[in-house]
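Residue strings, one per chain:
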Amino acid sequence: MKLIQYKEGNYSSQADPYLIRASDGCFYMYVTGGDGVHAFKSNELCGEYEDIGVVFSVENGKEYWAPSVIYTNGKYYMYVSFMDINEEDVHLQTMHVASSDTPNGPFVNAKKLIAPFSIDSHVVENESGLFIFYSVNDYEADRAGTYVVVDKMKNPYEVCGDPVSVVRPTLDEEIFMRDRFKKGQHWHTLEGAFYFREGDYHYVIYSGNCYQNEYYYLGYAVAKTSETDLTKIKFTKYPDENTYSPLISKNEYEEGTGHNSVIKYDGEYYVIYHGRDVKDDGRIKGDKRTARICRLALDGEKLTALRDENKLV
């Protein structure tokens, strides 16, 4: 179901929604924006969300893609990619980090974190330290395109610089565009990774394909291990690397479904993702991706998204 109902005057697009519950007990959602990272706030998970506007931008920047936020060492850190205002090549998107004392920003002191192309972060902290999942390009692979890596971090402002592959394209349904850069080389895309753990099961949910295409979907990779160094875990696509088996994809009421975050609340897991209404009511102009939410059922290595158009299942 939709997490936020459209209101005239609010920022209508909620692409790449990243949801946290902050130290004040409120829920904050950060989304992609052309002019900066936009945010929304609610006292309840599925309550009324207030549009709190742009919480991060820099002078001469644009196209702020897929923000993620983590609270550690008494501060909130935002990881987001953006590019120079005069740049047109999206493959120069560059991961940055900024910080704030509060979840509603403003996030300041932005610093470059990873060289371009680097997008779609998720920073995780566990007993082995800080880790960052993100996506990069491989122009030489058999299935050339964008794929997910993970690297350890020295601190919130510095990566170790030894990323390892987490999940790569293996399916025709992951083709973003055919003959994109040269004839005969089809460009694949896996992006928007979000990691979480339940017991010894480790999950990485990711987006495959392009949000404008028929086969755009959320899939996931899984591992069972007690290992806590996330760079040492071998993840395997579910159910296998040769089967297109979406966790979430288009249905009779929403399309363009992908790019998620996950939250555990009152003992239940929920996946937050973006999508478009199949039936256009004409109210939202431009980018019509809006935040959706459904319960996520866990059964060992198997995840099931329990979707309903009008309510949480």
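In what follows, the structure referred to is the one given above.
A brief structural summary.

About the cut-offs
- Counting of residues starts from 1 at the beginning of each chain's written sequence and follows it residue by residue.
- Local features in a predicted model are, by the rule used here, given only for residues with pLDDT of at least 70; side-chain atom pairs are given and counted only at 80 or more, and totals for whole chains, interfaces and linings are based on all residues.
- Excluded from the side-chain calculation are hydrogens and water; included are all heavy atoms of the structure.
- What counts as a helix is a DSSP run of H or I of at least four residues, what counts as a strand is a run of E of at least two, and both are numbered from the N terminus.
- Note on classification: 1.4 Å probe, protein chains only; a residue is buried when its accessible area is under 20% of the maximum for its type, exposed when over 50%, partly exposed between these limits.
- Counted as a polar contact is a pair of N or O atoms within 3.5 Å, where, for protein atoms, one must be capable of donating a hydrogen and the other of accepting one, and residues adjacent in sequence contribute only when both atoms are in side chains.
- When checking whether two residues touch, look at their non-hydrogen atoms; a contact exists if any pair is within 4.5 Å.
- Definition of nonpolar core: a set of buried residues of the types Ala, Val, Leu, Ile, Met, Phe, Trp, Tyr and Cys, connected through side-chain atoms within 4.5 Å.
- We define a salt bridge as a side-chain nitrogen of Lys or Arg found within 4 Å of a carboxyl oxygen belonging to Asp or Glu.
- Note on aromatic pairs: the rings of Phe, Tyr and Trp (six-membered ring only in Trp) are paired at centre separations within 6.5 Å, and the planes decide the class, stacked below 30 degrees, edge-to-face beyond 60, tilted for the rest.
- By the criterion adopted, a ring carries a charge over it if an Arg CZ or a Lys NZ lies within 6 Å of its centre and within 35 degrees of its normal.
- Two kinds of site are reported from a 1 Å grid over the protein atoms alone, namely cavities, where a 1.4 Å probe fits but cannot get out, and pockets, open sets with protein on both sides within 12 Å along at least five of seven lines, and residues are called lining when an atom falls within 4 Å of a point.
- Grid points are joined across faces, edges and corners, and a volume is the space filled by probe spheres set on the points.
- Three classes are used: nonpolar for Ala, Val, Leu, Ile, Met, Phe, Trp, Tyr, Cys and Pro, charged for Asp, Glu, Lys and Arg, and polar for all others, with Gly counted as polar.

### Things to note about unusual backbone geometry
- Cis peptide bonds are those with omega within 30 degrees of zero, and the linkage from G105 to P106 qualifies with 5°.
- Structurally, the position occupied by P106 is in the loop between β7 (94-100) and β8 (108-114).
- At the junction of P116 and F117, the peptide bond is cis and its omega measures out at -5° in the coordinates.
- With respect to the helices and strands, F117 occurs in the loop between β8 and β9 (119-126).
- Although it is not a glycine, N209 sits at a positive phi angle of roughly 80°.
- Tracing the backbone shows N209 in the loop between β16 (201-208) and β17 (217-224).
- Judged by its relative accessible area of 2%, N209 falls in the buried class.
- Despite not being glycine, H259 shows a phi value in the positive range, around 50°.
- Take H259: its relative accessible area is 7%, and that puts it in the buried class.

### Some points on the side chain of R289
- Locating R289 in the fold gives a position in the loop between β21 (268-277) and β22 (290-299).
- Within polar-contact distance, the side chain of R289 engages the side chain of D287 at 2.7 Å.
- Those residues in contact with R289, other than ones at most four positions away along the chain, are S12, S13, Q14, A15, D16, Y211, H274, G275 and R276.

### Section: the nonpolar core
- If you look at the biggest cluster of nonpolar residues, it comprises 36 residues, and the most contacted ones within it are Y30, F56, M78, F107, F196 and I205.
- At four residues, the largest contribution of residues to this core is made by strand β6 (residues 75-84).
- With residues near it in sequence (within four places) discarded, F56 still touches G36, V37, Y64, M78, V80, F82, A98, F107 and A110.
- Counting residues in each nonpolar core, the second largest holds 19 residues, with L171, Y206, A223 and F235 among its members.

### As for the pattern of salt bridges
- Evaluation of the coordinates by the stated rule reveals 19 salt bridges.
- As a salt-bridge pair, R168 and D138 come within 3.1 Å of each other at their nearest N and O atoms. With R168 in the loop between β13 (164-167) and β14 (175-182) and D138 in strand β10 (residues 129-138), the pair connects residues that are 30 residues apart, well separated along the chain.
- Among the residues examined, D138 registers a relative accessible area of 19% and is labelled buried.

### Let's talk about the packing of aromatic side chains
- The full count for this structure, using the stated rule, is 21 aromatic pairs.
- Aromatic side chains Y215 and Y244 sit 5.6 Å apart centroid to centroid with 85° between the ring planes, which places their arrangement in the edge-to-face category. With a gap of 29 residues between them, Y215 in the loop between β16 and β17 and Y244 in the loop between β18 (236-237) and β19 (248-249) connect regions that are remote in the sequence.
- For Y215, a relative accessible area of 37% gives the class partly exposed.
- Classification of Y244 as partly exposed rests on a relative accessible area of 23%.
- Here the aromatic cluster, defined as three or more aromatic residues joined through ring pairs, consists of F196, Y201, Y203, Y220, Y238 and Y269.
- We note R168 situated over the ring of Y147; from NZ or CZ to the ring centre the distance is 3.8 Å.
- Here the basic side chain of R289 rests over the ring of Y211, its NZ or CZ set 3.7 Å away from the ring centre.

### Describing empty space enclosed by the protein
- For the structure on display, the rule yields three cavities of 30 Å³ or more.
- Each pocket or cavity is described by its volume, and for the largest cavity that value is around 70 Å³.
- Lining the largest cavity we find 14 residues, and of these Y18, P67, S121, H259 and N260 sit closest to its centre.
- When residues of the lining of the largest cavity are traced back to their parent elements, those giving at least two are β5 (61-72), β9, β15 (185-198) and β20 (254-265).
- For the lining of the largest cavity, a count of residues per class yields six nonpolar, six polar and two charged.

### Observations regarding the environment of G286
- Turning to its location among the elements, G286 is positioned in the loop between β21 and β22.
- Considered as a pair, G286 and G208 are 78 residues apart in the sequence and their alpha carbons are 22 Å apart.

### Thoughts on the layout of surface pockets
- Taken as a whole, the largest pocket encloses approximately 650 Å³ of empty space.
- What lines the largest pocket is a set of 32 residues, and nearest its centre among them are W65, F176, E191, Y211 and R289.
- Those elements giving two or more residues to the lining of the largest pocket turn out to be β5, β9, β14 and β15.
- Within the lining of the largest pocket, the residues separate by chemical class into eleven nonpolar, eleven polar and ten charged.
- Here the second largest pocket is characterised by a volume of approximately 520 Å³.
- Lining the second largest pocket are 22 residues; nearest its centre among them are Y18, H122, F194, Y195 and V262.
- Among the elements of the structure, β1 (18-21), β5, β9, β15 and β20 are those that each provide at least two residues to the lining of the second largest pocket.
- Broken down by element, the lining of the second largest pocket gets its largest block of residues, five residues, from β9.

These figures come from the coordinates and say nothing about function on their own.
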